[in-house]
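So the chains spell out like this:
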Amino acid sequence: MKLFLDTANVEEIREAASLGVIDGVTTNPSLVAKEGRRLEEVAREIADIVDGPISLEVVSLEAPEMIREARRLAAVHPNVVVKIPMIREGLKALHAVAQEGIAVNVTLIFSAAQALLAAKNEAAMVSPFVGRLDDVSSNGMGVVKEIVEVFDNYIFDTEVLVASVRHPLHVIEAAKQGADIATIPYAILEKLLRHPLTEQGLEKFLADWNKQSAALAGSA
Ligand code: G3P
């Protein structure tokens, strides 16, 4: 399964990339606004760090403008995947730009029905938001399971990108269900990496080693 970092923070991306486990990056307007920087500038910096898909989102609401924005964003770097929201106008824009060969990540997906429509229009990726579904007492991972099942029944090239990930179990569940990608905030990457027993185990190994080394040095 591929892991993307869900952030527009270049320092986080640099650190995560140095671990070797990051296959791409997703951003959204909220994440870019938080950095207080221009989207294109951030995107170019990310492309210098990560050799993989970088999702950049359109902010228009009408198809003709979305299409213009998508073309502009796609021209920033060959790795750009344009994020388009799952609304009526978004579906029209997807239909137009996918035929031009622009890779699109259809975002704000909350049902298998929405994912099916995006896949029919040749979206490169669909992003079900599992955390936000859980927040309203729906089963986010249940929706991912349905999407994977539906896509497996046909020959869609659309990848399932699990987004709005809130904890490590979302990532493990996504992997168990066969999702292609999980996009995670930097804090979740830290949580995936760490285990208290690893830290305790290492502390004990080194304490034993140092004790024995001191004893050997003393007897020399
Ligand atoms: O990039 C979209 C997504 O991952 C949003 O996550 O935590 O704001 O629901 P969140």
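In case you missed it, the structure is sitting above this.
Now for a quick tour of the structure. (Residues numbered from 1 in each chain as written. Predicted model: local features only at pLDDT ≥ 70, side-chain atom pairs only at ≥ 80, totals over all residues. Heavy atoms only, no water.)

**Here's the deal with the site of the ligand**
Item 1. Near the ligand the following residues occur: Asp6, Asn28, Lys83, Phe129, Arg132, Ala163, Ser164 and Arg166.
Item 2. Residue Asn28 places a side-chain N or O atom 3.1 Å away from an oxygen atom belonging to the ligand.
Item 3. Between Lys83 and the ligand, the recorded distance is 3.2 Å, taken from a side-chain N or O atom to an oxygen atom.
Item 4. Protein chains shield 82% of the accessible area of the ligand, which is 310 Å² for the free molecule.
Item 5. Residue composition of the shell around the ligand, by class: two nonpolar, two polar and four charged. (Near = heavy atom within 4 Å. Polar contact = N/O pair within 3.5 Å; in protein donor to acceptor, adjacent residues only side chain to side chain. Areas by Shrake-Rupley, 256 points an atom, 1.4 Å probe, with all protein chains shown as cover. Nonpolar A, V, L, I, M, F, W, Y, C, P; charged D, E, K, R; others polar.)

**Things to note about the layout of surface pockets**
Item 1. Estimated volume of the largest pocket: approximately 360 Å³.
Item 2. Around the largest pocket, the lining is made up of 24 residues, and of these Asp6, Asn28, Leu31, Arg132 and Pro185 lie nearest the centre.
Item 3. Contributing elements (two or more residues each) for the lining of the largest pocket: helix H2 (29–35) and helix H10 (186–193).
Item 4. At four residues, the largest contribution of residues to the lining of the largest pocket is made by H2.
Item 5. Along the lines of polarity and charge, the residues of the lining of the largest pocket split into nine nonpolar, eight polar and seven charged. (1 Å grid on protein atoms, 1.4 Å probe; cavity = no way out; pocket = protein on both sides within 12 Å on 5 of 7 lines; lining within 4 Å. Points joined across faces, edges and corners; volume = space filled by probe spheres on them. Helix = DSSP H or I, 4+ residues; strand = E, 2+ residues; numbered from the N terminus.)

**Considerations on the sheet that holds strand S4 (residues 80–85)**
The pairing of strands in a sheet happens through backbone hydrogen bonds and is either parallel or antiparallel.
Item 1. One closed barrel accounts for eight strands, arranged S1-S2-S3-S4-S5-S6-S7-S8; its pairing is parallel. When strand polarity is set aside, the average angle formed by the axes of neighbouring strands in this sheet is 30°.
Item 2. Strand direction decides the pairing type here: strand S2 (residues 24–26) and strand S3 (residues 54–57), joined by two bridges, are parallel. Paired with Thr26 across the two strands is Ser55, which belongs to S3.
Item 3. Across the sheet, helix H3 (residues 39–49) touches S2 and S3, and the angle it forms with S3 is around 175°.
Item 4. Sheet contacts for helix H8 (residues 140–152): strand S5 (104–109), strand S6 (125–128) and strand S7 (159–162); angle to S7, the most-contacted strand, approximately 170°. (Pairing = 2+ DSSP bridges. Axes fitted to C-alpha atoms, helices over the stretch in contact; angles between N-to-C directions. Contact = heavy atoms within 4.5 Å.)

**Notes on the pairing of S3**
Item 1. Side chains Ile54 and Leu56 project from S3 onto one buried face, and the interleaved Ser55 and Glu57 project onto a second face that is buried too.
Item 2. Two strands pair when backbone bridges link them, and S3 and S4 are joined in this way by four bridges, in the parallel orientation. Counterpart to Glu57 in the pairing with S4 is Lys83.
Item 3. Viewed along the sheet, the connection from S3 through helix H4 (residues 63–74) into S4 turns out right-handed. (Buried < 20%, exposed > 50% of the residue type's maximum accessible area, 1.4 Å probe, protein only. Right-handed = clockwise from strand over helix to strand, strands pointing away.)

**Some remarks on the packing of helix H1 (residues 10–18) against H3**
Item 1. Interhelical geometry of H1 versus H3 gives an angle of 10° and a closest axis separation of 10 Å. With respect to H3, the axis of H1 lies roughly parallel. Only Val42, Glu45, Ile46 and Ile49 of H3 make contact with H1, whose side of the interface consists of Val10, Ile13, Arg14 and Ala17.
Item 2. Split into classes, the residues belonging to the contact of H1 with H3 amount to six nonpolar, no polar and two charged. (Parallel < 35°, antiparallel > 145°, perpendicular 65-115°, else oblique.)

**Concerning the nonpolar core**
Item 1. In this structure, Leu5, Val82, Ile84, Val106, Val144, Ile147 and Ile184 are the most contacted members of the largest nonpolar core, which totals 62 residues.
Item 2. Per-element accounting of this core gives the leading share, six residues, to H8.
Item 3. Once residues within four sequence positions are removed from consideration, Ile184 is found in contact with Leu3, Phe4, Leu5, Asp6, Val165, Val171, Leu189 and Leu192. (Core = buried A, V, L, I, M, F, W, Y, C linked by side-chain atoms within 4.5 Å.)

**What about the pattern of salt bridges?**
Item 1. Going through the model one piece at a time under the given rule, you end up with 14 salt bridges.
Item 2. A salt bridge links Arg14 to Glu11; its shortest N-O distance comes to 3.7 Å. With Arg14 and Glu11 both in helix H1, this residue pair falls three residues apart, about one helical turn.
Item 3. Salt-bridge contacts for Arg194 lead to Glu199; the nearest nitrogen and oxygen are separated by 3.4 Å.
Item 4. Several salt bridges converge on common partners, so that one network encompasses Arg37, Glu41 and Glu45. (Salt bridge = Lys/Arg side-chain N within 4 Å of Asp/Glu carboxyl O.)

**Considering the packing of aromatic side chains**
Given two aromatic rings, their pairing is described by the distance between the two centres and the angle made by the two planes.
Item 1. Scanning all chains against the criterion turns up three aromatic pairs.
Item 2. Each ring, one from Tyr154 and one from Phe156, has its centre 6.0 Å from the other, and the planes form 55°; the classification is tilted.
Item 3. Connected via pairs of aromatic rings, a cluster forms that spans Phe151, Tyr154 and Phe156. (Phe/Tyr/Trp six-rings, centres within 6.5 Å; stacked < 30°, edge-to-face > 60°.)

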